[in-house]
Amino acid sequence: MKYKVAIFDMDGTILNTIEDLADTMNYALRQYNMPERTLKEITSFVGNGIRKLVERAVPDNTDEDTIEKVFCCFHEYYKDHCAIKTRPYDGVCQVIATLKKKGVRTAVVSNKADYAVKSLCDDYFEGLFEYSVGDKEGQRRKPYPDGVNEVLNYFGVKQNEAVYIGDSEVDYATAQNANLEAIIVGWGFRDEDFLLSLGVKKVIHNPEEIIDIFS
């Protein structure tokens, strides 16, 4: 078996989180009398962390102080509303369980807030991930490789012994920056034609295809 470690993105890869993200974003916007955003708009805004989501969702020319207030409002609301409509993608839990039975080590690296990553792993993937890394102070978020490198150090493996699995341009760039092979999935938040335009060689459409890569 070529790979010892499978590192997963969260939003759009293992969890469909977009409705809770959208509901929270629109809640925060309403608190400051800002126009709400459509689900399609918010889907296009995600991928670079909550701060960037907020910056993209607020009206143009919003001052930094107000952006910070909306950002804090988002965080406070999301803590209690991050698992209302969120669900794992069909077949993902079974695939991760199968990988573990094969002896593959498993982890999550996400730009979602670290508290949310750990909470959602506990809620939906109890016992399936050995390690998780979210957005936290003192560490650069994806596409910087910091989170991936933390996982590699934790497991004590080399770059050619791990693979990064994600659904977006940020994930593809993260894998490249970390010198890992990327598996890009087509059931997430990005259009397949867009993903292929980045240079992605193949987009998979069934979680079970991940198992084949580790066989």
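Shown above is the structure to which this text applies.
Presented here is a report on the structure given in the accompanying data block. (Residues numbered from 1 in each chain as written. Predicted model: local features only at pLDDT ≥ 70, side-chain atom pairs only at ≥ 80, totals over all residues. Heavy atoms only, no water.)

1. Considering the packing of helix H1 (residues 18-31) against helix H4 (residues 64-81)
- Interaxial distance between H1 and H4 falls to 9 Å at its minimum, and their mutual angle equals 135°. One finds that H1 runs oblique with respect to H4. The interaxial crossing formed by H1 with H4 has right-handed handedness. When H1 is examined against H4, the residues Asp-20, Leu-21, Thr-24, Met-25, Tyr-27, Ala-28 and Gln-31 are found in contact with a partner set consisting of Val-70, Cys-73, Phe-74, Tyr-77, Tyr-78 and His-81.
- Residues belonging to the contact of H1 with H4 are distributed by class as follows: nine nonpolar, three polar and one charged. (Axes fitted to C-alpha atoms, helices over the stretch in contact; angles between N-to-C directions. Helix = DSSP H or I, 4+ residues; strand = E, 2+ residues; numbered from the N terminus. Parallel < 35°, antiparallel > 145°, perpendicular 65-115°, else oblique. Left-handed = near helix turned anticlockwise from the far one by under 90°. Contact = heavy atoms within 4.5 Å. Nonpolar A, V, L, I, M, F, W, Y, C, P; charged D, E, K, R; others polar.)

2. Some thoughts on the packing of aromatic side chains
- One pass over the full model with this rule turns up seven aromatic pairs.
- Arranged with centres 3.9 Å apart and planes meeting at 20°, the rings of Tyr-27 and Tyr-77 form a pair that is stacked. A residue pair is termed long-range when its members are at least 10 positions apart, and Tyr-27 in helix H1 and Tyr-77 in helix H4 qualify at 50 residues.
- The class of Tyr-77 is partly exposed, set by a relative accessible area of 22%.
- Cluster of aromatic residues (ring-pair linked, three or more members): Phe-8, Phe-125 and Phe-129.
- Directly above the ring of Phe-71 sits Arg-51, whose terminal nitrogen or CZ lies 5.6 Å from the centroid.
- The aromatic ring of Tyr-115 is capped on one face by Lys-79, whose charged end is 5.7 Å from the ring centroid. (Phe/Tyr/Trp six-rings, centres within 6.5 Å; stacked < 30°, edge-to-face > 60°. Buried < 20%, exposed > 50% of the residue type's maximum accessible area, 1.4 Å probe, protein only. Lys NZ or Arg CZ within 6 Å of the ring centre and 35° of its normal.)

3. Comments concerning the side chain of Asp-11
- Assignment of secondary structure puts Asp-11 in the loop between strand S1 (5-8) and strand S2 (15-16).
- Separated by 2.9 Å, the side chains of Asp-11 and Lys-112 make a polar contact.
- Here Asp-11 is in contact with Thr-17, Leu-21, Ser-110, Lys-112, Asp-167 and Phe-189, once residues within four sequence places are set aside. (Polar contact = N/O pair within 3.5 Å; in protein donor to acceptor, adjacent residues only side chain to side chain.)

Just distances and angles here, no functional claims.
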